[in-house]
Structure formats: structure tokens, C-alpha cells
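Residue-level structure breakdown
In case you want the letters, here they are:
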Amino acid sequence: MHYALSEAISNSELFVLYQPQVSLEERRIVAVEALVRWEPTGGEVVPPSDFVPFAEQNELIDPLGAYVLERACRDAAKWQGLRIALNISQKQFALPDLADFICSVAQENGLKLSAVEVEVTETADFPDRTAAIDQLKILQMRGVTVSLDDLGSGNATKELMEALPVTRVKLGRPLVENYQTSEGAARLRDLIGAAQALGLGVTAEGVETKQEYDCLRALGCDLMQGFLFSKPLRAEEVMDFVETSHAKWRAI
Ligand code: C2E
Ligand code: MG
Ligand code: MG
């Protein structure tokens, strides 16, 4: 797979989809998350779960991350008023000037840093945690939104919310889909309350049903992402979707 994936990165067999995030207060799409795909020539599209972990283990995550960053910033420069959220692997934090690199690619593509969001997963096992925290602080100070992704997937969730310099948390699908059980609802309430007490924004991802939406809204989530609103879209579909979808949010 190593040869095929490194060829894929240099031959542009990777592409990026963008999934809208809806602000409940503003009732509009305020951000999109960049989600990478691999389409081998003549083959089926490969989801990131089948190659991102391999890239992380085989020194390919830096070129892959750089490709997605460049591509997503170039696409996002066309979408005024939308923040672009990028998944950054824990391994990319081995790069000592990661924050500078992200900021310079965004700015070279004409993006304001306030239009950039970086997502790090809760289970991230940073090569050097202190150094990673310093990089995240630099990003935050420059106006980049820093999000703790897949909240609820690890066992030190609340501790991490406090320890890492984050602006927002993203509740993962496993938390969201358990909203109906009393244990699941209590956990959601607990985590959302903890995030709010720290002044953090709360995004719910993987929102599929109106019932999940109602519950998460009542619990205080301010942004939502999921199939209820939109699947991940091709770059050329994003603007059309943004322009035609306002009526839908009002109806929900
Ligand atoms: P993630 O960052 O938590 O992204 C959310 C995943 O949930 C995406 O899967 C998205 O397609 C899926 N999803 C969105 N709405 C729904 C929904 O309503 N229901 C359900 N069941 N799922 C939904 P995807 O695109 O397969 O990405 C999987 C993971 O791969 C991402 O999880 C992220 O951790 C990683 N990933 C994706 N792109 C990149 C990238 O460019 N770099 C790195 N390092 N990781 C990436
Ligand atoms: Mg993410
Ligand atoms: Mg996530």
C-alpha cells in the first residue's frame, strides 16, 4: 500500500469532500469540514479510515496532510463567510513549525486565519504533548479555531478539555446516537455542561435524525453537522448547497 498511497498523493488521486456545519443561532452554514478520499484510477473510492491510519504509521501523513491543507484552503478561498475545518493527525505535531505551516498555507491562499479551524481527536497520542500544546496555543492566538474532535471516544475527556488550548468540542457519533438511553443522556449533559463551563462552543457531529437534533439543541449544542443537514459534498457543490438550503434550516 505504501507505494500506491505515495503515488496517489503525488498523482492527485486524493480528493477532498466538504461537510457543512449549521449554526443553530444564525440558521445558516458557517463552516465546512474537509474530509479526504482516495480514488485510485479505475477503482472504487477508498474512505479515510482505510488509509489515514496507514499513512500515520508509514511516514506518509505529512505529505497527505499538506495535500489536504493546500487543496482545502484553495477551495475555501472561493467561499466567502465559511470557516474551513481541517483534521490534523497527532503525528503531524512532530513537525516543529506546524502552526506556522498551516497559517502560511491558509494566508497564501487568501484566507483569514479566523476562517480556519483545526480539529485534533480526543484520542490523539501526541509525539510530544507539551510541544503540541504550544503549537495549538500559537494557532489559537492567531485566530484559528481549535476543536477537540470525537469527544467521548477516550477516557480522559473532561481533563483534556481543560488541559488543551481548545475553542470548541465536537461530540462524536457514538455519543450522539446514545441520546435516548438514560446513561447516554446523562453523559451528554455532563460533557456539554463541562464544555460550556469552560466557555467552549459545542458542535454535534453525526446528527442523523430530527429527534437527535431536538435533544442536542435543548442540551445547548450551537453547531451541528450530519446527514440530517448534508452528506459531505464535492467542492463544486458547496456554494449551490449553501445558497439553496436556508429555507430548510428555517423549517427544522
Ligand atoms: P471525523 O473527523 O470525526 O469526521 C466525521 C466522519 O463522520 C466523516 O467520516 C463523515 O463522513 C462522517 N459522518 C458525517 N455525518 C454523519 C452522520 O450523520 N452519520 C454518520 N454515521 N457519519 C457521519 P469520514 O469522511 O469517513 O472520515 C472518517 C475520519 O477520517 C474522520 O473522522 C477523520 O478522523 C479522518 N479524516 C478524514 N479526513 C482526514 C484528513 O484530511 N486528515 C486526517 N488526519 N484525518 C482525516
Ligand atoms: Mg473531524
Ligand atoms: Mg469527529
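The immediate surroundings of ligand 1 are formed by 21 residues, with Glu33, Arg37, Asn87, Glu208 and Phe227 found nearest. Between glutamate 205 and ligand 1, the recorded distance is 3.1 Å, taken from a side-chain N or O atom to an oxygen atom. At 2.8 Å, a backbone N or O of phenylalanine 227 approaches an oxygen atom of ligand 1. A total of 810 Å² of accessible area belongs to ligand 1 in isolation, and the protein chains cover 79% of it.

A few words on the sheet that holds strand S3 (residues 83-87). One closed barrel accounts for 8 strands, arranged S1-S2-S3-S4-S5-S6-S7-S8; its pairing is mixed. Sheet analysis places strand S6 (residues 168-171) next to strand S7 (residues 201-204), joined by 4 bridges and oriented parallel. Paired with valine 169 across the strands is valine 202, a residue of S7.

Turning our attention to the coordination of the magnesium ion (ligand 2). Protein coordination at the magnesium ion (ligand 2) comes from Glu33 (OE), Asn87 (OD1), Glu119 (OE) and Asp149 (OD), with a distance range of 2.0 to 2.3 Å. Separating the magnesium ion (ligand 2) from the magnesium ion (ligand 3) is a gap of 3.9 Å, which aspartate 149 spans by donating to each of them. Of this pair, glutamate 33 sits in strand S2 (residues 28-38) while aspartate 149 sits in strand S5 (residues 145-151), and the two are 116 residues apart along the sequence. When its relative accessible area of 3% is taken as the criterion, glutamate 33 is described as buried.

A separate point is the coordination of the magnesium ion (ligand 3). Around the magnesium ion (ligand 3), the protein supplies Asp149 (OD), Asp150 (OD) and Glu205 (OE) as donor atoms, at distances of 1.7 to 2.3 Å. In primary sequence terms, the donor set of the magnesium ion (ligand 3) follows D-D-x54-E. Judged by relative accessible area, which is 27%, aspartate 150 ranks as partly exposed.

Next up on the list: the layout of surface pockets. When its volume is computed, the largest pocket comes out at roughly 900 Å³. For the largest pocket, the lining is made up of 39 residues, of which Glu33, Leu35, Pro48, Asn87 and Asp149 are closest to its centre. Those elements that provide at least two residues to the lining of the largest pocket are S2, helix H2 (52-57), helix H3 (61-76), S3, strand S4 (116-121), S5 and helix H7 (173-177). Per-element tally for the lining of the largest pocket: the top contributor is S2, with 5 residues. Looking at the lining of the largest pocket residue by residue, the classes come out as 17 nonpolar, 13 polar and 9 charged.

Our next topic: the packing of helix H4 (residues 98-108) against helix H5 (residues 129-141). At a minimum axis separation of 8 Å, H4 and H5 run at an interaxial angle of 30°. Put simply, H4 runs roughly parallel to H5. Residues Leu98, Ala99, Ile102 and Cys103 of H4 form the contact with H5, whose participating residues are Gln135, Ile138 and Leu139.

A separate point is the side chain of glutamate 119. Locating glutamate 119 in the fold gives a position in strand S4. Given a relative accessible area of 1%, glutamate 119 falls into the buried group. Setting aside its immediate chain neighbours within four residues, glutamate 119 contacts Gln21, Glu33, Ala85, Leu86, Asn87, Ile88, Ser147, Asp149 and Lys170.

Cut-offs applied
- Residues numbered from 1 in each chain as written.
- Chains lettered and ligands numbered in written order.
- Predicted model: local features only at pLDDT ≥ 70, side-chain atom pairs only at ≥ 80, totals over all residues.
- Heavy atoms only, no water.
- Near = heavy atom within 4 Å.
- Polar contact = N/O pair within 3.5 Å; in protein donor to acceptor, adjacent residues only side chain to side chain.
- Areas by Shrake-Rupley, 256 points an atom, 1.4 Å probe, with all protein chains shown as cover.
- Pairing = 2+ DSSP bridges.
- Helix = DSSP H or I, 4+ residues; strand = E, 2+ residues; numbered from the N terminus.
- Donors = N, O, S within 2.8 Å, 3.2 Å for Na, K, Ca; no water.
- Buried < 20%, exposed > 50% of the residue type's maximum accessible area, 1.4 Å probe, protein only.
- 1 Å grid on protein atoms, 1.4 Å probe; cavity = no way out; pocket = protein on both sides within 12 Å on 5 of 7 lines; lining within 4 Å.
- Points joined across faces, edges and corners; volume = space filled by probe spheres on them.
- Nonpolar A, V, L, I, M, F, W, Y, C, P; charged D, E, K, R; others polar.
- Axes fitted to C-alpha atoms, helices over the stretch in contact; angles between N-to-C directions.
- Parallel < 35°, antiparallel > 145°, perpendicular 65-115°, else oblique.
- Contact = heavy atoms within 4.5 Å.

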